[in-house]
Amino acid sequence: MEDVNKLALAEQKRILEEEYSWLLQTPRKKTEEGGGLPPLPNAVEGKVVTRFAPNPDFVIHLGNARPAILSDEYAKMYKGRMILRFEDTDPRTKKPMKEAYDLIKEDLRWLGVVWHEEYIQSLRMEVYYNIIKEMIKRGCAYIDLCKESSRELLRKGEYCQTRDNPPEWHLEQFEKMLNREYYEGEAVVRIKTDPKHPNPSIRDWVALRIIDTEKYPHPIVGSKYWVWPTYNFAVSVDDHLMGVTHILRGKEHQVNTEKQLYVYKCMGWEPPTFIHFGRLKLEGFIMSKSYIRRLIEENPDKFLGFDDPRFGTIAGLRRRGILPEAIREIILTVGIKPGDAKISWKNLAATNRKLLDPIADRIMYVEDYIKMTVKSPTCLHGRIPYHPDRPERVRKIMVCGGDNVFLQKADIEKYDELRLLGLGNFRVNREKNELELISTELEYARSRKLPIVQFVPERGAVNVKVLIPEGLELKVKEGLAEPALLEYSVDDRLQFMRYGFVRIDKIGEKNGKIYNVIYTHS
RNA sequence: GCCGCGGUAGUAUAGCCCGGCCCAGUAUGCGGGCCUUUCGAGCCCGUGACCCGGGUUCAAAUCCCGGCCGCGGCACCA
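Fair warning: this is a prediction, and the values are worked out from it, not measured in the lab. (Residues numbered from 1 in each chain as written. Chains lettered and ligands numbered in written order. Predicted model: local features only at pLDDT ≥ 70, side-chain atom pairs only at ≥ 80, totals over all residues. Heavy atoms only, no water.)

Regarding the overall build of chain A
When helices and strands are tallied, chain A shows 16 helices and 27 strands. Whereas a compact globule of 522 residues would reach a radius of gyration of roughly 24 Å, chain A reaches 32 Å, over 25% beyond that. With respect to the three principal axes, the spread of C-alpha positions in chain A is 105 × 80 × 40 Å. For chain A, the proportion of its 522 residues judged to be buried stands at 53%. Sequence separation of 24 or more characterises 69% of the internal contacts of chain A that already satisfy a separation of 6 or more. Charge separation in chain A, taken as the distance between the mean sites of 84 positive and 78 negative side-chain charges, equals 1 Å. (Helix = DSSP H or I, 4+ residues; strand = E, 2+ residues; numbered from the N terminus. Rg over C-alpha atoms; globule rule 2.2 N^0.38 Å. Buried < 20%, exposed > 50% of the residue type's maximum accessible area, 1.4 Å probe, protein only. Contact = heavy atoms within 4.5 Å. Lys, Arg positive; Asp, Glu negative; His and termini not counted. Charge placed at Lys NZ, Arg CZ, Asp CG, Glu CD.)

Here it is in structure tokens:
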């Protein structure tokens, strides 16, 4: 080593290249495959099993989409399987929303996530009961009858004296819990960890507790069960039984991982590989499920629902006009690093725009418009392509002398001469609100660098209402579009020329059709 | 407060594990140009970052220590 280092750098390099070129070959074969994700640790092709495990208490948002998409992507990359599991074991404080089960699946399908198995935890209660009985027999779990005082004891590094009773006693008590001989708070099942563990939440954590389902019925299983597993217990059992090999989740689960390991150890199960990534924020959007819920409940007239385009829910982004591929692309570039990521709206919009541009037809729309009369000795026939990449697909627009057209007021104020897109070049007469035809050749406009502006003929103009989400505001603008808009229906995405991309949200009826569109981005 | 994890341009990310190919790559944004029947797209040029301070070393974004800042957890929630 010393010898080598005495040589000049260039010399070192030369020798390296000549004699050890094989070392340089594939030192780091970059991530490219699989959309740029780094390889998954401990992964074997064909054997990888991932899972996405949402709580069906509400629809999912962009932050939830991260583990879903990453799990999907890795399962695909290694030709493995992915599991969808609904974690609905708290009918009391995180009461599941009955519709959420289907809404989440709809969002996942839309995102292109493919899952091979599907489970609902509230339908697997017997499984958890059986495992905990085994753990009690093995002396890894116990029934705590100290009620509130156990919390205090554990805080001091002590524990409820029932902990030392023999397994048989605990088994009996567990049956009593199941038979509803105990009420909420009177008995819990704890996993024996270390009562002096530096992290107090890890000390003998609770595996099952009683929830009065007569009072808090579960939307799927009603009042059938009295004893419910906690998240940490149900997750450990299911991840093992379902053969999950890789768990991708946020760093808020780091401590949970440590708790869950006690179950694996007691049962002699091999733990999966855990990967924790940072939090994901979307700048300017509300992501918190509980906050969104509250906003909707408190202002039912101000918000359009959980899919309001101002929300960071998947449904909201979809309604806004964001494409699923854009969401996936963003999540893949963010990757699995442990640091937090704050995605800027500009970045998401740019990614989306790149995908939208080739598929969105172009339509002319004006807002803050002014009516102008065309002065022309003849009728003008415009042929305007729906999309610049496909010039053969055109609509025809005819404007004759004396016809009225609507233009953006700003264009009229700013330019003395301009070209109406596809039609001809005009001189602006502001006194008379007239447009005097100069010529029709594009060359004229080019050579004189005239602006080429959109316009809407008065005849057949379609009413449009544009909803513009801006933070917590939803601005509403009204304008007019050319008749070609009538060829499109709800959910179609368009570009209003010189205005921005929009998604058709609703088509109403009010003195003819009125199109409600949502402004996606510029 | 206690435990844990992070800090690369406006934003996101690569490189950090295995120190020299990095006066730091890419995308987006921003500025300029070209092209174009859109203020969109595309192409070209430019702009701009290793949190701070020590240490180890011939050599540090990369290793070590300290500080600062940010985030997560501390439930009979998930």
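That was the structure; now back to the text.
Considerations on the packing of aromatic side chains
Centre-to-centre distance and the angle between the planes together describe a pair of aromatic rings. One pass over the full model with this rule turns up 13 aromatic pairs. Ring geometry for Tyr-264 and Trp-269: centres 6.0 Å apart, planes at 85°, overall edge-to-face. Like Tyr-264, the residue Trp-269 is buried in the burial classification. The interplanar angle of 55° and the centroid separation of 6.2 Å between the aromatic rings of Phe-496 and Tyr-499 together place this pair among those described as tilted. (Phe/Tyr/Trp six-rings, centres within 6.5 Å; stacked < 30°, edge-to-face > 60°.)

So, the pattern of salt bridges
Across all of its chains, the model carries 42 salt bridges by this definition. Here Asp-239 ties to Arg-51 by a salt bridge, and the two come within 2.8 Å at their closest N and O atoms. With Asp-239 in helix α9 (residues 231–241) and Arg-51 in strand β1 (residues 49–52), this residue pair connects regions lying 188 residues apart in the sequence. Note on accessibility: Asp-239 and Arg-51 belong to one class, buried. With its nearest N and O atoms 2.9 Å apart, the salt bridge here joins Asp-239 to Arg-85. Of this pair, Asp-239 sits in helix α9 while Arg-85 sits in strand β2 (residues 81–86), and the two are 154 residues apart along the sequence. Classification of Asp-239 as buried rests on a relative accessible area of 1%. A relative accessible area of 0% places Arg-85 in the buried class. One connected set of salt bridges, linked through shared partners, spans Arg-51, Arg-85, Glu-87, Arg-124, Asp-238 and Asp-239. (Salt bridge = Lys/Arg side-chain N within 4 Å of Asp/Glu carboxyl O.)

Quick notes on the pairing of strand β24 (residues 473–481)
Looking at chain direction, strand β13 (residues 365–367) and β24 are connected through three bridges and run antiparallel. Note that in β24 the partner of Glu-367 across the bridge is Gly-479. Hairpin connection from strand β23 (residues 462–470) to β24: two residues lie between these consecutive antiparallel strands, with Gly-471 at a positive phi of about 60°. (Pairing = 2+ DSSP bridges.)

As for the state of the cysteines
Taken as a whole and judged by the stated rule, the model has three disulfides. For Cys-146, the disulfide goes to Cys-160, at an S-S distance of 2.0 Å. Taking the torsion about the sulfur-sulfur bond, which here is approximately 80°, the covalent link between Cys-146 and Cys-160 counts as right-handed. Placement of Cys-146 in the loop between β4 (141–144) and α7 (149–155) and of Cys-160 in the loop between α7 and α8 (167–178) is noted, with a sequence separation of 14 residues between them. Each sulfur in the disulfide pair Cys-379 and Cys-400 lies 2.0 Å from the other. Disulfide Cys-379-Cys-400: torsion about the S-S bond near 105°, hence right-handed. With Cys-379 in the loop between β14 (369–375) and β15 (380–385) and Cys-400 in the loop between β16 (394–399) and β17 (404–408), this pair connects stretches of sequence that are 21 residues apart. Classification of Cys-379 by relative accessible area gives partly exposed; the value is 35%. The exposure class assigned to Cys-400 is buried, which follows from its relative accessible area of 13%. Taken in sequence order, the bonded cysteines of chain A link in the pattern 1-4, 2-3, 5-6. (Disulfide = S-S within 2.5 Å.)

So, the protein's contact with RNA strand B
The environment of RNA strand B is formed by 52 residues, the closest being Lys-94, Arg-209, Lys-337, Arg-446 and Arg-498. Counting only the atoms of RNA strand B within 4 Å of the protein, the fraction contributed by sugar and phosphate is 71%. One of the backbone N or O atoms of Lys-342 is found 3.1 Å from a sugar or linking oxygen in RNA strand B. When residues of the surface near RNA strand B are traced back to their parent elements, those giving at least two are β6 (206–210), α10 (254–267), α13 (324–334), β11 (341–343), α14 (345–356) and α16 (442–447). Here the surface near RNA strand B gets five residues from one element, more than from any other, and that element is α14. (Near = heavy atom within 4 Å. Polar contact = N/O pair within 3.5 Å; in protein donor to acceptor, adjacent residues only side chain to side chain.)

What about the sheet that holds strand β21 (residues 452–453)?
Here seven strands make up an open sheet; going across it, the order is β21-β18-β19-β20-β14-β17-β22 and the pairing mixed. Of all strands in the sheet, those bounded by a partner on one side alone are β21 and β22 (456–457). As paired strands, β14 and strand β20 (residues 434–439) are joined by three bridges and run parallel to one another. Note that in β20 the partner of Thr-373 across the bridge is Glu-434.

Considering the side chain of Asp-107
Of note, Asp-107 is situated in helix α5 (residues 100–111). Asp-107 sits in the buried class, given a relative accessible area of 2%. There is a polar contact of 2.7 Å between the side chain of Asp-107 and the side chain of Arg-318. When residues no more than four places from it in sequence are discounted, the contact partners of Asp-107 are Val-59, Ile-60, Ile-314, Ala-315 and Arg-318.

Structural notes on α9
It helps to recall that an α-helix has 3.6 residues per turn; residues three or four apart then point in one direction. The element α9 is largely enclosed, with a buried count of eight among its 11 residues. Within α9 the residues assigned to the buried category are Asn-232, Phe-233, Ala-234, Val-235, Ser-236, Val-237, Asp-238 and Asp-239. Phi turns positive, to about 75°, at Gly-243, one or two residues after α9.

What to know about the domain arrangement of chain A
The assigned domain composition of chain A is domain 1 (2–34), domain 2 (49–277), domain 3 (287–337 + 348–356) and domain 4 (361–522). Here domain 2 and domain 3 have C-alpha centroids that lie 28 Å from each other. Taken residue by residue, the interface counts 29 residues in domain 2 and 23 residues in domain 3. Taken over both partners, the interface formed by domain 2 and domain 3 buries close to 2,400 Å², and the fraction arising from carbon and sulfur atoms is 69%. Contact with domain 3 buries surface across domain 2, with Phe-58, Leu-62 and Trp-110 losing the most and accounting together for 32% of the total. On the surface where domain 2 and domain 3 come into contact, there are four salt bridges. For the pair domain 2 and domain 3, the number of links is 10 residue pairs in polar contact (both at pLDDT 80 or more). (Domains from an automatic or database assignment. Buried area = accessible area lost by both parts, 1.4 Å probe.)

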